[in-house]
Amino acid sequence: MAIAVKLDDLLHDRRMTLTELADRIGITLANLSILKTGKARAIRFSTLEAICEVLHCQPGDLLEFHHD
């Protein structure tokens, strides 16, 4: 079982770069990149809230559960 992060799709749909999102939510580009590539082991609710607020989305738009 795995959680997929669909940040690339959301950024593409909103015509926003990862750098711009990082600046707007106040997180380092390196940490946001770790999340985007699916290498993150956890995410703070405050970070998830900030991403959803800036991208005008719901957590379920960003994260997707897959059965292996």
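Just above, that's the structure.
I will try to describe carefully the structure that is included in this document. Keep in mind the model is a prediction, meaning the values are calculated, not measured. (Residues numbered from 1 in each chain as written. Predicted model: local features only at pLDDT ≥ 70, side-chain atom pairs only at ≥ 80, totals over all residues. Heavy atoms only, no water.)

### Here we look at helix 4 (residues 45-55)
- Listed in full, the buried residues belonging to helix 4 are Thr47, Leu48, Ile51, Cys52, Val54 and Leu55. Taken around the axis of helix 4, the buried residues stretch over an arc of 170°, which confines them to a single face. Among the exposed residues of helix 4, those pointing more than 90 degrees away from its buried face are Phe45, Glu49 and Glu53.
- Structurally, helix 4 contributes buried residues whose contacts are with helix 1 (7-13), helix 2 (18-25), helix 3 (29-36) and helix 5 (59-62).
- Backbone geometry just downstream of helix 4 places His56 in the positive-phi region, at approximately 50°. (Buried < 20%, exposed > 50% of the residue type's maximum accessible area, 1.4 Å probe, protein only. Helix = DSSP H or I, 4+ residues; strand = E, 2+ residues; numbered from the N terminus. Arc of directions from axis to C-beta. Contact = heavy atoms within 4.5 Å.)

### Observations regarding the packing of helix 2 against helix 3
- Relative to each other, helix 2 and helix 3 sit at 120°, their axes nearing to 9 Å. Helix-helix and strand crossings are classified by hand; for helix 2 and helix 3 the assignment is right-handed. Contact with helix 2, carried on its side by Leu18, Thr19, Leu21, Ala22 and Ile25, involves Leu29, Leu32, Ser33 and Lys36 of helix 3 and no other residues of that element.
- Its residues placed into classes, the contact of helix 2 with helix 3 shows 6 nonpolar, 2 polar and 1 charged. (Axes fitted to C-alpha atoms, helices over the stretch in contact; angles between N-to-C directions. Left-handed = near helix turned anticlockwise from the far one by under 90°. Nonpolar A, V, L, I, M, F, W, Y, C, P; charged D, E, K, R; others polar.)

### So, unusual backbone geometry
- Positive phi, normally seen in glycine, also occurs at Arg15, with a value near 50°.
- Position of Arg15 relative to the elements: it lies in the loop between helix 1 and helix 2.
- Residue Arg15 is classed as exposed on the basis of its relative accessible area of 78%.
- The residue His56 is not glycine, and still its phi comes out positive at about 50°.
- Relative to the elements of secondary structure, His56 occurs in the loop between helix 4 and helix 5.
- When its relative accessible area of 67% is taken as the criterion, His56 is described as exposed.

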